[in-house]
Amino acid sequence: MDRRRFVVTAAVAGVALGTDACSSSLVRTIVGPQPGPVAPIDSYTLTAQYAVTTIQGIRMRTRTYGGRTYGPTLVTRPGHQLNIKVVNRLPKEPPAHAPRGRTSVADVHEEMQAMMPFEVARTGQRLSVGPIDEMNNPHGFNTTNIHVHGIQTVPHLFDPVGTSDPSAMMIQIHPGNELQYAFPIPTDHPSGLHWYHPHKHGSTDVQVSGGMAGLIVVRGPIDAVPEIAAAREIFLVIQSLNVNPSKTTPGLYEREYVAYKPPKEGGYSFGTAYTMLTVNGAGVNWMDNTGKSTVYHPFAPPSFAMRPGEVVRLRLLNGCNGIPLALVLPGFDCWQIGFDGVNLLAPKYKDLSGKNTPVVTPENMFTAPARLTMEANRIELLIRAPKKPGIYTLSSLPTQGIDFSAYAQLDLATFVVADNPIVMHIPKSLPVPTREYPIITDSEIVARRHFLFSQGPNDKLLMNFGFTINHALYQMAETPTTVKVGTAEEWVLENETVDAHPFHLHTDSFQIVALNGEPNDPPEVWDTFAIPPKYNGKNGSLTIRVRFLQFTGKDVFHCHILPHEDTGMMQNFLLS
């Protein structure tokens with residue numbers, strides 16, 4: 001273990017405990033414990049290791065936490081401290097270095113060639129114009145770290161935790177090492193659903209798409225609402241396990257690459273030959289991506305019993321690395337009560353019938369009777385079973401034009417409604433998440449910024465296709481944007497690509513004030529949301545407002561399609 005990292009992290013923990021996580025200078029004042037109340041500590045250990053898992057008769061060897069294809073659920077509360085020790089038991093990696101001069105890259109000219117395994121297999125190679133980019137070619141596949149996605153806490157990607165050094169590099173927990181993290185949870189933190197996953201640039205996609213992820217539940221005021229407390233909770237963790245046939249073991253599927261080689265020589269590729277879509281670790285669809293179009297092999301999804309009239313609190317994570325979900329539950333009454341871990345002020349009825357919607361496209365992605373749920377989104381619903389007994393299915397409608405691929409209908413869970421009816425109620429109001437409300441006003445805005453999301457051929461990458469923000473690939477040692485804690489800003493995120501990019505901001509949530517320039521009234525609070533794609537010749541745009549509330553330090557924002565993130569669509573910013 002790196003002792004210097006442990007000492008700094010422990011010092012940050014001491015400050016957090018002493019100040020009850022209320023100081024905006026928290027991450028800069030590393031002076032040891034201070035007088036004051038001691039926060040309760042919720043402690044967990046996550047062990048990164050390989051595991052062979054058989055799902056629907058298919059044997060897969062992937063990187064996991066503790067040998068499971070999704071990790072344990074971590075529970076904490078506002079005012080607590082969440083301690084996570086990450087232990088890396090993955091095997092040591094062979095030495096790998098980026099070529100310094102011109103080298104072979106894939107002869108790719110468009111996204112479909114880059115993203116689809118069938119097209120990559122047919123693509124030739126050519127010499128790059130210059131040297132490749134060492135940072136944004138995926139590498140270090142067994143080196144890890146952790147991100148507590150959605151938790152508003154000390155910035156924790158860079159070394160040391162909480163650093164305000166603009167040139168700081170990411171924390172890397174190498175095989176055989178471990179690191180203790182301490183995350184102070186603010187006393188006014190919203191109660192809701194979050195998640196954790198690795199975030200080491202260059203290996204995020206490979207690790208998350210093997211199953212390295214899990215839920216974080218922040219218990220708090222919303223859990224005490226009588227109507228919500230009376231409802232059973234059902235958690236759904238939806239993941240995509242991405243694998244290729246093993247080159248060494250017949251009958252086994254895995255995802256292994258040679259760092260700094262083009263795909264034809266065993267290097268990283270955006271897509272894989274097969275994808276197992278899972279719900280709570282159970283396989284619901286085996287996708288064969290080896291042909292010109294994906295062939296789907298569905299399996300019976302998990303099933304849940306409900307009584308007529310029963311209300312259930314459905315809490316769902318889209319933990320896929322690149323599959324948007326357009327959720328429908330025909331026959332049920334549904335109320336939205338939260339997005340991305342922040343509850344609404346009152347339940348909002350949502351039509352999830354999918355009626356007259358054969359496919360979700362850029363034209364109807366926000367208006368269809370479905371809940372568009374992008375990669376990394378958490379959706380919280382109250383669902384009421386119909387009076388009529390029967391089997392009802394939660395599905396994702398077919399999508400087309402939301403990203404590079406078109407997806408068929410994906411069935412995710414069934415609800416078997418039977419037995420004696422029951423009467424349950426929906427609350428009239430919900431606790432106010434005071435950290436997020438009131439809504440940001442025009443007078444609070446101190447700066448307006450613009451960020452352009454692009455993609456296209458780029459022979460600095462061995463795939464010869466890359467994803468950029470403001471026409472730049474990610475640079476770990478550069479921090480182009482500085483914001484001031486205690487202020488609010490408005491950002492316009494413009495998308496000149498034909499993919500919807502799920503934008504994720506670390507440290508603080510944001511309020512959506514406009515989609516494609518049209519006001520979103522009232523604004524909704526998220527931490528990840530789709531920047532609409534270019535459509536009918538017009539760039540898409542997402543306008544957000546952010547209050548930078550408490551924590552200082554270096555952090556990131558990025559696209560949460562993980563192959564996009566790992567190959568450049570990320571940027572640093574500094575909270576000062």
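Note: the structure precedes this text.
In what follows, the accompanying structure is described. Everything quoted here is computed from the prediction, not taken from an experiment.

What counts and how
Residues numbered from 1 in each chain as written. Predicted model: local features only at pLDDT ≥ 70, side-chain atom pairs only at ≥ 80, totals over all residues. Heavy atoms only, no water. Helix = DSSP H or I, 4+ residues; strand = E, 2+ residues; numbered from the N terminus. Rg over C-alpha atoms; globule rule 2.2 N^0.38 Å. Contact = heavy atoms within 4.5 Å. Areas by Shrake-Rupley, 256 points an atom, 1.4 Å probe, with all protein chains shown as cover. Lys, Arg positive; Asp, Glu negative; His and termini not counted. Charge placed at Lys NZ, Arg CZ, Asp CG, Glu CD. Pairing = 2+ DSSP bridges. Axes fitted to C-alpha atoms, helices over the stretch in contact; angles between N-to-C directions. Buried < 20%, exposed > 50% of the residue type's maximum accessible area, 1.4 Å probe, protein only. Polar contact = N/O pair within 3.5 Å; in protein donor to acceptor, adjacent residues only side chain to side chain. 1 Å grid on protein atoms, 1.4 Å probe; cavity = no way out; pocket = protein on both sides within 12 Å on 5 of 7 lines; lining within 4 Å. Points joined across faces, edges and corners; volume = space filled by probe spheres on them. Nonpolar A, V, L, I, M, F, W, Y, C, P; charged D, E, K, R; others polar. Core = buried A, V, L, I, M, F, W, Y, C linked by side-chain atoms within 4.5 Å. Phe/Tyr/Trp six-rings, centres within 6.5 Å; stacked < 30°, edge-to-face > 60°.

Moving on: the overall build of the chain. Helix and strand counts for the chain stand at six helices and 35 strands. For a compact globule of 576 residues, the expected C-alpha radius of gyration is about 25 Å, and the chain comes in at 23 Å, within 12% of that figure. With the C-alpha coordinates aligned to their principal axes, the bounding extent of the chain is approximately 70 × 60 × 45 Å. Long-range contacts, defined here as pairs at least 24 residues apart, represent 76% of the contacts in the chain between residues at least 6 apart. Surface summary for the chain: the accessible area is close to 20,600 Å², and the carbon and sulfur share equals 53%. Separation of charge centres in the chain, based on 46 positive and 50 negative side chains, amounts to 4 Å.

This part takes up the sheet that holds strand 24 (residues 410–417). Consider a sheet: its strands pair through backbone hydrogen bonds, and that pairing is either parallel or antiparallel. Reading across the sheet, the five strands line up as 16-24-23-18-21 and stay open at both edges, with mixed pairing between neighbours. What marks the edges here is a single partner per strand, and that holds for strand 16 (303–306) and strand 21 (371–373). In this sheet, adjacent strand axes meet at a mean angle of 25° when their direction is disregarded. Relative to strand 23 (residues 390–396), strand 18 (residues 325–328) runs antiparallel, the two being bridged by two bridges. Across the sheet, residue L327 finds its bridge partner in strand 23, namely S396.

Another aspect to go through is the environment of T153. As for its placement among the helices and strands, T153 is situated in the loop between strand 7 (147–149) and strand 8 (178–184). Owing to a relative accessible area of 2%, T153 belongs among the buried residues under this scheme. As a C-alpha pair, T153 and Q56 span 97 residues in sequence and 39 Å in three-dimensional space. Apart from residues lying up to four places away in sequence, T153 is in contact with V148, F183, P184, T507 and F551. At 2.8 Å, the side chain of T153 and the backbone oxygen of P184 are in polar contact.

Let us now look at empty space enclosed by the protein. Empty space among the atoms becomes visible once a probe the size of a water molecule is rolled across them. Taken as a whole and judged by the stated rule, the model has 10 cavities of 30 Å³ or more. Counted as a void, the largest cavity has a volume near 280 Å³. Every residue lining the largest cavity is counted, 21 residues in all, and those nearest its centre are N242, T275, N289, F404 and Y407. Split by residue class, the lining of the largest cavity holds 10 nonpolar, 10 polar and one charged. In this structure, the second largest cavity encloses a volume near 120 Å³.

In this section: the layout of surface pockets. Its volume calculated, the largest pocket comes out at about 590 Å³. Forming the walls of the largest pocket are 26 residues, and the residues nearest its centre are N244, P245, K247, E256 and Y257. The dominant element in the lining of the largest pocket, judged by the number of residues it contributes, is helix 3 (residues 117–122), at four residues. Tallied by class, the residues present in the lining of the largest pocket amount to 10 nonpolar, 10 polar and six charged. Taken as a whole, the second largest pocket encloses approximately 510 Å³ of empty space. E93, P94, A96, G140 and F141 are the residues nearest the centre of the second largest pocket, which is lined by 24 residues in total.

Residues F332, I383, L394, F415, W491 and F503 are the most contacted members of the largest nonpolar core, which totals 80 residues. Among the elements that make up this core, the one with the highest residue count is strand 24 (five residues). In this structure, L82, I171, I185 and F551 belong to the second largest nonpolar core, which totals 25 residues.

We now examine the packing of aromatic side chains. With the rule as written, the count across this model stands at 26 aromatic pairs. Judged by centre distance (6.3 Å) and plane angle (45°), the ring pair of W491 and F548 falls under tilted. Of this pair, W491 sits in strand 28 (residues 488–495) while F548 sits in the loop between strand 33 (540–547) and strand 34 (553–559), and the two are 57 residues apart along the sequence. For the pair F503 and F557, a centre-to-centre distance of 5.8 Å together with 45° between the ring planes defines the contact as tilted. Taken together, the residues F503 in strand 29 (residues 501–505) and F557 in strand 34 connect sequence positions 54 residues apart.

Read across the sheet, five strands follow the order 27-35-34-29-32 without closing on themselves; strand pairing throughout is mixed. The sheet is open, and its two edges are formed by strand 27 (481–483) and strand 32 (528–531), each paired on a single side. Across the sheet, the mean angle from the axis of one strand to that of its neighbour is 30°, orientation sign disregarded. Pairing between strand 34 and strand 35 (residues 570–575): six bridges, direction antiparallel. Note that in strand 35 the partner of F557 across the bridge is Q571.

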